[in-house]
Structure formats: C-alpha cells, structure tokens
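Coordinate inspection notes
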Amino acid sequence: MAEAVFLPVPVLDAWDETPALRGVQLDLGPELARSHTVPGQVIKLRGSAGEGHFALASAPWPDGKVELLIKRGTPLGDGLIALVQPSVMVEATAPFGTGFPIGSALDRDVLLFAAGSGISPIRALTQHILAQRARFGRAALFYGQRGHEDFAYTDEHAAWDHGGVKVVLCSSQAGPHWQGERGYVQDVAQSLRFLDFDTARAVAFLCGMKTMVSGVRAVLERAGIAPERTFLNF
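Residues numbered from 1 in each chain as written. Predicted model: local features only at pLDDT ≥ 70, side-chain atom pairs only at ≥ 80, totals over all residues. Heavy atoms only, no water.

Moving on to the overall build of the protein. A tally of regular secondary structure across the protein gives six helices and twelve strands. By the compact-globule yardstick of 17 Å for 234 residues, the protein fits well, its C-alpha radius of gyration being 18 Å. Counting only residues that meet the buried cut, the protein has 50% of its 234 residues in that class. Contacts spanning at least 24 positions in sequence make up 72% of the contacts within the protein whose residues lie at least 6 apart. (Helix = DSSP H or I, 4+ residues; strand = E, 2+ residues; numbered from the N terminus. Rg over C-alpha atoms; globule rule 2.2 N^0.38 Å. Buried < 20%, exposed > 50% of the residue type's maximum accessible area, 1.4 Å probe, protein only. Contact = heavy atoms within 4.5 Å.)

Put into structure tokens, the structure is as follows:
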C-alpha cells in the first residue's frame, strides 16, 4: 500500500457539534477534492499525537469543502481538536476508500443506520439522497446515541424528515423527558414492521459499533432484507 500523502489544507470553521464531538469544515481545494466521489469516503488527518482516519460527514460538493467530526477523549482526537481552529492549516490526505455503493440503492427503498460518530458518513449519504431524491424510494434513518445531548446535526433533522428521509432517534440512556425512541438502534430497528417499505427490494447502509451492525443485520434479515443488500462504507 502506498504511503499516505499529506498536504496542508485550511480550516474554514470549527464548532462543538455535541459535548463529545467537534465539527470541522475544511477546504480541500480542487486537486484533493477530485478524489471525493461518493458518500462514505474517508480522509486522514495528522497532528502531533499521530494520524487517524475520519469519515467525511458531507456529500461530495464541487466547491471542495468537506465536513467531519472529531471525537474527544483520545490523545489524537484531543490534539487535533486543539489544532483545528479557523484559519489554521491542518495536514490532510485526499479522500479515499470505496465509500457506500450508492448505485445499489437506485429506485429502491433505503434504510440508514448510524450509532455514535457513525453518523458522519450516514449524514453524507443522507445529503446525497436528499439532493437526488427522485432517484430513490422511501428512506428512513435510525440514529442512536446515549442521551439527547449526544445527537449531532440536530438543527438538520427536521429538514431531513421534511425532505423525505424519516428520522428515528434512538436514545439508549434517555432521561424522563425524552420524546423519541428508547433503546439501542438494533432494538428500535424492530419497528421496521411499522414502515411501509418494500423489504423484498430495500437496501440498507450502516455505520457504527460492531454490535449495532451485527444486531441490525440480524433484524433486517428477519424482515426479508438479505445480508447482500446491507452495506458498510469500507
């Protein structure tokens, strides 16, 4: 495997998306952005504590601007969060990886599943579906976090729902005033039976912890969505 090539790119913006997740917007420029072709691809960032993979949280746009989430709580994550401030240059690679096989979803109902920081590539896929809504059937997103304060992109959920991607929020440690679904994504996914989806042809895209992925796949298979129609971004 070829050694990763890092180039300096400017940080356009940085914000606290949640207490645990820092949102970052980078300008890859036309050369690096040329490699960003499908939702689900990743880039590598490098800081003083090392380097790591980060899934892009935005669909490919012609302007070369991308977003991602950096999780607090590790030397790499905390080091990068301290580094990535607006107008600072950060070392990044071009986007790479196969991403999600979005061609498999054309003219089909689509189920999206995300847990934790796995919302990053699923958000990119959601943006892609909304931008080309007529090319897909019904769509729903099951998104899990611990508490209500841990959900990312809350200011976009209503627009996703209004645009035709039904949003189902799943809180595994919900407080007494929580109005959404309670439990882990793989448990809440049992409510698939309430969705008027064509499970004989539907496809699913997943990103999150291994237990979530395996649990959701088991639920989907029982619902008639074969494993070969469930996809990860790697």
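Attention shifts here to the nonpolar core. If you look at the biggest cluster of nonpolar residues, it comprises 29 residues, and the most contacted ones within it are Val-110, Leu-112, Ile-119, Ile-122, Leu-141 and Phe-205. For this core, the secondary structure elements donating two or more residues are β7 (110–115), α3 (119–131), β8 (139–145), β9 (165–171) and β11 (203–207). Ignoring any residue separated from it by four or fewer positions in sequence, one finds Leu-112 in contact with Ile-122, Leu-125, Thr-126, Ile-129, Ala-140, Leu-141, Phe-142, Val-165 and Phe-205. Formed by 22 residues, the second largest nonpolar core is a distinct cluster that contains Leu-111, Ala-189, Leu-192 and Ala-204. (Core = buried A, V, L, I, M, F, W, Y, C linked by side-chain atoms within 4.5 Å.)

In this sheet, strand β6 (residues 89–92) lies alongside strand β1 (residues 7–16) in antiparallel orientation, the contact comprising four bridges. Bridge assignment links Pro-8 to a residue of β6, and that residue is Glu-91. Looking at chain direction, β1 and strand β2 (residues 21–27) are connected through five bridges and run antiparallel. The residue of β2 that forms the bridge with Trp-15 is Gly-23. A loop of four residues connects β1 with β2, the two strands running antiparallel in sequence. (Pairing = 2+ DSSP bridges.)

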